[in-house]
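Descriptive structure summary
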Amino acid sequence: MKLLLIEDNKELLQDIKLFLSDNQFIVETAQSLEESFYKIGIYYYELIILDLGLPDGNGLEVIKKINQGNINSGILIVTAKDSLEDKIEGLELGADDYITKPFHNGELLARIKSIIRRKNFDGNNIIKVNDIVVDLNASEVKVNHQLLQLTKKEYDLLLFLVFNKNRVLTKESIAEHLWGDHIDNANNFDFVYNHLKNVRKKIAEANGENSIKSVYGMGYKLVEL
Amino acid sequence: MRQKSFSLLSKFTLFFILFLGLFITGSVYIVHKTNEHINNNINQNFERKQVHIAERLNQGVKPTFFTTLTVEKTTEKNAKFKTTHREYIESDQNFIEQKSVIEAEVGYYFLTQKRNITELKRIKSAILKTLIITLSGFIILIILFNLFLPKLLFKPFNHIISQIKNYKIGESKSFTSKPTSTREFQSLQQIFMKMTHRAEKDFNNLKQYTDNMAHELQTPLAIIRSKTENLISDNDLMVNHTQNIKSIYKETNNLSKLSKSLKLLSKIENKEFTNKTNILSESYIKNLILSFSELTDLKNIRFEQQMVPDHVFYIDEYLLDIMLKNLINNAILYSEKDSIIHIKTTKTSFTISNPSSISKPLDQKIFDRFYNDNNSVSLGLGLSLVKKICEINKLVIQYSFENNQNKFTISSLNS
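With that out of the way, let us pick up the overall build of chain B. When helices and strands are counted, chain B shows 10 helices and 11 strands. Counting over 415 residues, chain B shows a buried share of 36%. Across chain B, the fraction of contacts at a sequence separation of at least 24, relative to all contacts at a separation of at least 6, is 66%.

Scanning the entire structure with this criterion turns up 13 aromatic pairs over all chains. Centroid distance A:Y43 to A:Y45: 6.4 Å. Interplanar angle 70°. Geometry classified as edge-to-face. A:Y45 gets classed as buried once you look at its relative accessible area, which sits at 1%. Measuring from centroid to centroid gives 5.1 Å for B:F157 and B:F185, while their planes differ by 25°, and the two rings are stacked. Here the residue B:F157 occupies a position in helix α4 (residues 155–166), and B:F185 occupies one in helix α5 (residues 183–233), the gap between them amounting to 28 residues. Exposure remark for B:F157: the relative accessible area of 25% places this residue in the partly exposed category.

Let's shift gears to a nonpolar patch on the surface. Residues and elements named next belong to chain B. A cluster of nonpolar side chains, contributed by I139, I140, I143, L144, L147 and F148, occupies part of the molecular surface with about 580 Å² of accessible area. Summarising the element assignment, L144 is placed in helix α2 (residues 118–147). Residue L144 is classed as partly exposed on the basis of its relative accessible area of 41%.

Residues and elements named next belong to chain A. Alternating positions in strand β14 (residues 219–222) separate into two faces, G219 and K221 on one and Y220 and L222 on the other, with burial throughout. Judged from the 2 bridges that link them, strand β12 (residues 169–170) and β14 form a sheet pairing that is antiparallel. By the bridge assignment for β14, T170 is matched with G219. Two elements, strand β13 (residues 212–215) and β14, share 4 bridges in a ladder whose sense is antiparallel. Bridge pairing in β14 links I212 to L222. Taking the residues between adjacent antiparallel strands as the criterion, β13 and β14 are bridged by 3 residues, where G217 takes a positive phi near 80°.

Residues and elements named next belong to chain B. Burial within strand β9 (residues 349–355) is extensive, with 6 of its 7 residues counted as buried. Two elements, strand β8 (residues 340–345) and β9, share 4 bridges in a ladder whose sense is antiparallel. Bridging across to β9, I343 finds its partner in I352. Linking β8 to β9, which pair antiparallel, is a turn of 3 residues. Two elements, β9 and strand β11 (residues 405–412), share 7 bridges in a ladder whose sense is antiparallel. Within β11, the position partnered with S353 by the bridge is K407.

Thresholds applied
- Residues numbered from 1 in each chain as written.
- Chains lettered and ligands numbered in written order.
- Predicted model: local features only at pLDDT ≥ 70, side-chain atom pairs only at ≥ 80, totals over all residues.
- Heavy atoms only, no water.
- Helix = DSSP H or I, 4+ residues; strand = E, 2+ residues; numbered from the N terminus.
- Buried < 20%, exposed > 50% of the residue type's maximum accessible area, 1.4 Å probe, protein only.
- Contact = heavy atoms within 4.5 Å.
- Phe/Tyr/Trp six-rings, centres within 6.5 Å; stacked < 30°, edge-to-face > 60°.
- Patch = residues over 30% accessible without salt bridge, like charges linked within 9 Å, V, L, I, M, F, W, Y side chains within 5 Å.
- Areas by Shrake-Rupley, 256 points an atom, 1.4 Å probe, with all protein chains shown as cover.
- Salt bridge = Lys/Arg side-chain N within 4 Å of Asp/Glu carboxyl O.
- Pairing = 2+ DSSP bridges.

Structure below.
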């Protein structure tokens, strides 16, 4: 999976590149509009991660360029926290999803995988981990062929863990993934534990394996057994 | 002891009155001296005549020989007669008559002299008249001066004073200078302009610096957090490192939240949220409460709403969102399990109250940045943010402690 990461801040660029490489992605980078146009012209990328604040112009121009070239890459735009206009315009121009800075790595990973899956597996979009089978199209989860009755938040939580399998996800990143801004000022993450408890319970009721592990003091992870 | 203060004009007037007093004194002196001089002239005149008359009498002239004056022989008995003067008018002319006793070699004589003093009198009254006219003129001038001139002369000065009074740093209202020919006012204006320019420049630099700081902090923080998350995710992480990593992660998150809030505060100060609209609070708040259901379910907290349909907030929606979320979050955070949070609106106010867990009122300092009573876990910026948002939208937030409830009320500035 080849990704193009467009970000002008060098430190951030390296950091994200390293993280994605560690997670089995091939990452190329661009730090300006000019460099982006050049690379997009020559190479094909599965997904383009685009920071809108570029030094030589608005990142949205990249989306326009991609549209012009009829290129089939997925686009994930990275916006500043409160620029609603950028988000809206980007999505209207054809971006697949957005993520706001600063973000948790787990969040980035989940969104990337989600876009790639949606793009590539139109007909058959299923993820299997252990005995958990997620049907992305139907937004359903089956354990041992038994359909789980999950609430939206519980489904989102499970999917987040699945996309980040074998990675420890902190309570903060889970909370932010599920509730976004509301959680900003709350310091009590017990409700994350609450939802997790419910998911585990429902998996257990379907005789599933206990693959969601607590890492003491840090968070949770879904372990591929 | 408080220093007494007088207006500049009244000081000027005081001096003028002083000078006027001197002038009046001088005038009185002139008049007096003139009169004295004239009287001396008259007396000396009479006395010279007396000497001549005595000489004539000694030469043997008979008393009846004299005309225009009367001479009568008298005895030594009247030698000590005191000279008298009498003024009278005859045929429109002023006369002065002197009765005296002279001693000649040939005996004592009673003398009655008179003199036409019409001209002298005219001179006296002319002097008096001139002085009175001049004095009155001066008094009228002073009154006029007091009434009209100050407005003219002091106009630029008063203009400067009112500009100084209304000056607020950072408001970028440019100082309008009034052209004036008074050197002191000119330099006052120049100095004030220079001073405010410098202050504005410094203020803007500081603001820029703070803005930049808030922005620049974000990237390094994001990277630290990212690296820490990587460590957390590392399956080979040594168990004895987890405490440290946990701490680093927690504090980095706190810093991150802090810098986000500071960035928001500086954006608010930069007046970047000017898209104000009228927002009906009833439905807005109802929606907002729904989104908090997860949090409230956990603590079994209920909302009790008493809202009127015509309460509106005139504010940028982005800021309203932050403000209300902040207050509701706080209410939930600081309420015990099974509590009820009250939300009430009237036509002019919005109130949220939650039961206090410490049974005594919170310090008013809770609205200060970074205020933190030692029991709380939060960063202390939330309420100061709310207060700032209120300020720039001409709203007022008040805290009160009633019936063991922490009550926050937002009302408009003028109500």
